[in-house]
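The lines below spell out each chain.
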Amino acid sequence: MSKAAVLSFIKKYGVLLGLGGVIAFFAFESPIYFFTFSNFVIISKQSSVNILLALGEMFAILTAGIDLSVGSIAALSGAFFAGTTLFAGGNVFLGALAGLGIGASIGLFNGILVAFGKLPPFIATLATMSVGRGLVLMYTHGQPIWGLPQGFSYIGQGDFLKIPLPIIIMTIAFILVWITLARTRFGRSVYATGGNIRAARAAGIKIKSVLIIVYVLSAFFAALGGLVLTSRLGTAQPNAGTGYELDAIAAVVLGGTSLFGGEGWVVGTIIGGFLIAVLNNGMTIMNISPYTQEVVKGIVIVLAVLITTFEKEYWNE
């Protein structure tokens, strides 16, 4: 097998091998607490929020961009979800619409900054990450929002046919993103924009429209993740979603999506999200320090990016 084939195989399927290896390691180290059906259900529920954020993040990365504001958007959307539900007399539906609406609005702002303001996505979304976190603190006055009605917790804690609702929402989101990227003209435009923006423009693709929609979608899925998170907690915390952007980016990169844009598959992002969740769960069960956990996740991300870089350099040569 050639070097290129090995690199391509590792890049696409390495996350699956990594997930199997991590599960085997924690199952060996902690078989009583880790390798149980109930724990895997917990992992699936815990991973749903990160995977929702990662599915949206994937749109931005496929265009060779990045969205650092997803954690703040999730927190702000969750706060609006809770606050509007209380303001509307316990109407959870109106609360959810408000949460999704504020999230999508910030995504639209991100898209305009990138498409028309010509700001690098890293700078634009770094700024809105800070703005979003500040808005959360202003809206909540730095205090949790309590006293929510019983129906508020259904999205994050309820089930349908004994299947936890967060897992159902995550599955539906996965199917929609897969169809959008694999079966629609817009999906092909996203890949083309990230692969070669000049060629995409020459082919008649409206780059600015694609970029705006991409960042709206990224923010929408982040907002949806924020709704699930807030509902699961049963309260809106002002510091919710802190650091979630790192886990979302890690899931996308581990899943084989290139940070250079134009390459990636949705299934890989799902597996990458599970890998991050298994790492978090396994290290917590083994009582590993949260500081050490961050170091381990950082090393895993670096390894994934190095493989992508080596493969790109190989093909450039």
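Residue positions are counted from 1 within each chain, in the order its sequence is given. Two thresholds apply to this predicted model, a pLDDT of at least 70 for residue-level local features and 80 or more for giving and counting side-chain atom pairs, whereas whole-chain, interface and lining totals are computed over all residues. Note: side-chain values were computed over all heavy atoms of the structure, leaving out hydrogens and water.

### Regarding the overall build of the chain
- Strands here are runs of E lasting at least two residues and helices are runs of H or I lasting at least four, both read from the DSSP assignment and numbered beginning at the N terminus. Looking only at helices and strands, the chain has 13 helices and two strands in total.
- Here the chain has a C-alpha radius of gyration of 19 Å; the compact-globule value for 317 residues is 20 Å, and the two agree.
- Expressed as lengths along the three principal axes of its C-alpha atoms, the size of the chain is roughly 60 × 55 × 35 Å.
- The buried label goes to any residue with under 20% of its type's maximum accessible area, the exposed label to any with over 50%, and the partly exposed label to all in between, with areas taken from a 1.4 Å probe on protein chains only. A total of 317 residues make up the chain; the buried ones form 49% of that total. With C-alpha atoms as the basis for the radius of gyration, the globule rule is written as 2.2 Å multiplied by the number of residues raised to the power 0.38.

### Description of the packing of helix 4 (residues 92-115) against helix 10 (residues 207-233)
- Whenever a helix is involved, its axis is fitted only over the stretch in contact; in every case the axis is a line through C-alpha atoms, and angles between N-to-C directions fall within 0 to 180 degrees. At their nearest, the axes of helix 4 and helix 10 sit 7 Å apart, and the two run at 150° to each other. Here helix 4 lies roughly antiparallel to helix 10, going by the angle between them. Handedness of the crossing formed by helix 4 with helix 10: right-handed. Counting all contacts with helix 4, which are made through Ala96, Gly99, Leu100, Gly103, Ala104, Gly107, Leu108, Asn110, Gly111, Ile112, Val114 and Ala115, the residues of helix 10 involved are Lys208, Leu211, Ile212, Tyr215, Val216, Ala219, Phe220, Ala223, Leu224 and Leu227.
- As a working rule, the residues Ala, Val, Leu, Ile, Met, Phe, Trp, Tyr, Cys and Pro are called nonpolar, Asp, Glu, Lys and Arg charged, and the rest polar, with Gly in that last group. Looking at the contact of helix 4 with helix 10 residue by residue, the classes come out as 16 nonpolar, five polar and one charged. Working definition: roughly parallel below 35 degrees, roughly antiparallel above 145 degrees, roughly perpendicular at 65 to 115 degrees, and oblique for all remaining angles. In this scheme the crossing of two helices becomes right-handed for a clockwise turn of the near helix relative to the far one and left-handed for an anticlockwise turn of less than a right angle. What makes two residues a contact is simply this: any of their non-hydrogen atoms within 4.5 Å.

### Remarks on a nonpolar patch on the surface
- Together, Val295, Ile299, Val302, Leu303 and Leu306 make up an exposed nonpolar region whose accessible area comes to about 440 Å².
- If you trace the backbone, Leu303 turns up in helix 13 (residues 290-316). Like charges within 9 Å and nonpolar side chains (Val, Leu, Ile, Met, Phe, Trp, Tyr) within 5 Å are joined into patches, using only residues over 30% in relative accessible area that form no salt bridge. Note that accessible areas follow from Shrake-Rupley with a 1.4 Å probe, and for residues the cover is restricted to the protein chains shown. Think of a salt bridge as a Lys or Arg side-chain nitrogen and an Asp or Glu carboxyl oxygen that are within 4 Å of each other.

### Topic: the nonpolar core
- Think of a nonpolar core as a cluster: buried Ala, Val, Leu, Ile, Met, Phe, Trp, Tyr and Cys residues, connected wherever their side-chain atoms sit within 4.5 Å. Counting residues in hydrophobic clusters, the biggest one holds 84 residues, and the most contacted among them are Leu181 and Val214.
- Broken down by element, this core gets its largest block of residues, 14 residues, from helix 10.

### Remarks on helix 5 (residues 121-140)
- The span one expects for a helix is its residue count, reduced by one, times 1.5 Å. Its 20 residues place the ends of helix 5 28 Å apart at the C-alpha level, agreeing with the 28 Å of an ideal helix rising 1.5 Å per residue.
- Pro121, Ala124, Thr125, Thr128, Gly132, Arg133, Val136 and Thr140 are the residues of helix 5 that are buried. Viewed end-on, helix 5 has its buried residues packed into an arc of 165°, placing them on one side of the element. Residues of helix 5 that are exposed and angled more than 90 degrees away from the buried face: Ser130 and Met138.
- The inward-facing, buried residues of helix 5 contact helix 3 (70-87), helix 4 and helix 10.
- His141 occupies a position one or two residues after helix 5 and carries a positive phi of about 55°. By construction, the arc corresponds to the directions joining the helix axis to the C-beta atoms.

### Notes on the packing of helix 2 (residues 37-62) against helix 10
- Where helix 2 meets helix 10, the closest approach of the two axes is 7 Å, and the angle between their N-to-C directions is 170°. In terms of their interaxial angle, helix 2 and helix 10 are classed as roughly antiparallel. Of the residues in helix 10, those touching helix 2 at Lys45, Gln46, Ser48, Val49, Leu52, Leu53, Gly56, Glu57, Phe59 and Ala60 are Val214, Tyr215, Leu217, Ser218, Phe221, Ala222, Leu224, Gly225, Val228, Leu229 and Arg232.
- The residue makeup of the contact of helix 2 with helix 10, split by class, is 13 nonpolar, five polar and three charged.

### Quick look at the packing of aromatic side chains
- Only centres within 6.5 Å qualify two rings of Phe, Tyr or Trp (six-membered ring in Trp) as a pair; their planes then separate them into stacked at under 30 degrees, edge-to-face at over 60, and tilted for everything else. The final tally for this structure, using the stated rule, is seven aromatic pairs.
- Here the aromatic rings of Phe34 and Phe40 are separated by 5.6 Å at their centres, their planes lie at 65°, and the arrangement is edge-to-face.
- Ring plane angle 80° and centroid distance 5.7 Å describe the contact between Phe220 and Phe221, whose orientation is recorded as edge-to-face.
- Using a relative accessible area of 32% as the deciding quantity, one classes Phe220 as partly exposed.

### Considerations on unusual backbone geometry
- Non-glycine residue Ala64 carries a positive phi angle of around 70°.
- Along the polypeptide, Ala64 turns up in the loop between helix 2 and helix 3.
- Exposure remark for Ala64: the relative accessible area of 39% places this residue in the partly exposed category.

### Some thoughts on a positive patch on the surface
- The charge count treats Lys and Arg as positive and Asp and Glu as negative. His and the chain ends do not count. Just so you know, the charge point we use is NZ for Lys, CZ for Arg, CG for Asp and CD for Glu. On the surface, Lys118, Arg198, Arg201 and Lys208 cluster together to form a positively charged patch.
- With respect to the helices and strands, Lys118 occurs in the loop between helix 4 and helix 5.

### A word on the confidence of the model for the chain
- Looking at the chain as a whole, its pLDDT mean stands at 89, while 94% of the residues score no less than 70.
- Of all secondary-structure elements in the chain, the lowest mean pLDDT belongs to helix 13, at 74, while helix 10 reaches the highest, 96. Looking at any residue, its pLDDT shows the predictor's confidence there, from 0 to 100.

### A short note on the side chain of Asn281
- Mapped onto the elements, Asn281 comes out in helix 12 (residues 266-285).
- In this structure Asn281 comes out as buried when scored by relative accessible area, which is 9%.
- Pairing of N or O atoms within 3.5 Å defines a polar contact, subject to two protein rules: one partner must be a possible hydrogen donor and the other a possible acceptor, and residues neighboring in sequence count only if both atoms are side-chain atoms. A polar side-chain atom of Asn281 sits 3.0 Å from a polar atom in the side chain of Asn39.
- Apart from residues no more than four positions distant in its own chain, Asn281 is found in contact with Phe34, Asn39, Ile42, Ile43 and Gln46.

### What to know about the side chain of Gln293
- Along the chain, Gln293 falls in helix 13.
- Engagement of the side chain of Gln293 in a polar contact is seen with the backbone oxygen of Ile288, the distance being 3.1 Å.
- Contact partners of Gln293, with chain neighbours within four places excluded, come to Asn280, Met283, Thr284 and Ile288.

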